[in-house]
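So the chains spell out like this:
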Amino acid sequence: MSDIVLKTEHLGISFGGLKAVQDVNLEIRKKQLYGLVGPNGAGKTTIFNLLTGVYQPTTGTFYLDGEELTGKTQEVINHKGIARTFQNIRLFNNMSVIRNVLVGLHNQPEFKCNPFVSMLRLPKHFKTEKRMRDRAKEILRIVGLEEERNNLSCNLPYGKQRKLEIARALATNPKLLLLDEPAAGMNPNETAELMETIRYIRDHFDMTILLIEHDMKFVSGLCDEITVLNFGTVLTQGDTKTALNDPEVIKAYIGG
């Protein structure tokens, strides 16, 4: 059986006459930490939007564990096993930390409860609710937020809000986790802590992770391989250190 979790073939999208992304071919293996990098406007978040059903590709296809998901809705893609965080944090600000994670758990078949059982408040309802809360606390423990679980998410400092968004994505039990600039706005200590958290998530959940990031120190310290984009096309792919030292990549970042 192939260990390729995500495969894209000639993936692309045009908006009118503008080719925002074109001919992107990725192969990401199980438990790999893979980076998608490039200057602003290179098409990185657009690829995330294609992989999660926000946009429908105009060319190409993509597969998760060998199953084609091209053209599927956001809900179907999430159920199949792709979850993401966002460049701009999107939490339920007036809900507690743990309730933000519980929202993600409602996606899971193991926590489905018959509405009749819930309305009558039968014992099964309380057992399911307890299992959900236990699972939510376990996920929050992994990202270092268990002690914050009863606080409103809007009261968390910025770095912890980033971690909560990752926790909520993990609650949907994905095979592939997409992180859009997870270290953005963090100080060096928070960034180092986040790197360790991401490695632990990869190992603890056997998770495959694809991330977008502008912090090249973060990328080089975390990612096994990267794809570098510029103006919607692939500049280079492969081993992180080699790719980041490619003259074309340096030129794309600093110009001239």
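Relevant structure appears above.
Residues numbered from 1 in each chain as written. Predicted model: local features only at pLDDT ≥ 70, side-chain atom pairs only at ≥ 80, totals over all residues. Heavy atoms only, no water.

Draft legend 1. View of the pattern of salt bridges. Going through the model one piece at a time under the given rule, you end up with 15 salt bridges. The salt bridge involving Glu-9 is made with Lys-7; its shortest N-O contact spans 4.0 Å. With a closest N to O distance of 3.5 Å, Lys-31 and Asp-206 form a salt bridge. Taken together, the residues span a long stretch of sequence, with Lys-31 in the loop between strand E2 (18-29) and strand E3 (33-37) and Asp-206 in the loop between helix H7 (188-204) and strand E8 (208-212) at a distance of 175 residues. On the basis of relative accessibility, which here comes to 31%, the residue Lys-31 falls in the partly exposed class. Because the salt bridges share partners, they merge into one network encompassing Lys-7, Glu-9 and Glu-27. (Salt bridge = Lys/Arg side-chain N within 4 Å of Asp/Glu carboxyl O. Helix = DSSP H or I, 4+ residues; strand = E, 2+ residues; numbered from the N terminus. Buried < 20%, exposed > 50% of the residue type's maximum accessible area, 1.4 Å probe, protein only.)

Draft legend 2. A look at the sheet that holds E3. Taking strand neighbours across the sheet as the criterion, the 6 strands line up as E6-E7-E8-E3-E9-E10 in an open arrangement whose pairing is mixed. The open sheet has two edge strands with one neighbour each: strand E6 (82-84) and strand E10 (233-239). Strand-to-strand, the axes of this sheet are offset by a mean angle of 20°, without reference to chain direction. Across 5 bridges, the pairing between strand E7 (residues 176-180) and E8 is parallel. From the neighbouring strand, Leu-176 faces E8, where its bridge partner is Thr-208. (Pairing = 2+ DSSP bridges. Axes fitted to C-alpha atoms, helices over the stretch in contact; angles between N-to-C directions.)

Draft legend 3. Region of the structure containing the nonpolar core. Counting residues in each nonpolar core, the largest one holds 44 residues, and the members touching the most others are Leu-164, Leu-177 and Ile-201. For Leu-177, the residues in contact, after removing those within four places along its chain, are Ala-83, Ile-166, Ala-169, Leu-170, Ile-201, Met-207, Thr-208, Ile-209 and Leu-210. The next biggest cluster of nonpolar side chains, apart from the first, holds 26 residues, and it includes Val-5, Ala-20, Tyr-34 and Ile-77. (Core = buried A, V, L, I, M, F, W, Y, C linked by side-chain atoms within 4.5 Å. Contact = heavy atoms within 4.5 Å.)

Draft legend 4. Representation of the layout of surface pockets within the structure. Looking at the largest pocket, its volume works out to about 640 Å³. Gln-74, Asn-78, Arg-84, Phe-86 and Arg-168 are the residues nearest the centre of the largest pocket, which is lined by 25 residues in total. Broken down by secondary-structure element, the contributors of at least two residues to the lining of the largest pocket are helix H1 (44-51), helix H2 (74-80), E6, helix H3 (97-105) and helix H6 (158-170). Among the elements that take part in the lining of the largest pocket, H2 stands out by supplying 5 residues, more than any other. When the residues that make up the lining of the largest pocket are grouped by side-chain class, the tally is 8 nonpolar, 11 polar and 6 charged. (1 Å grid on protein atoms, 1.4 Å probe; cavity = no way out; pocket = protein on both sides within 12 Å on 5 of 7 lines; lining within 4 Å. Points joined across faces, edges and corners; volume = space filled by probe spheres on them. Nonpolar A, V, L, I, M, F, W, Y, C, P; charged D, E, K, R; others polar.)

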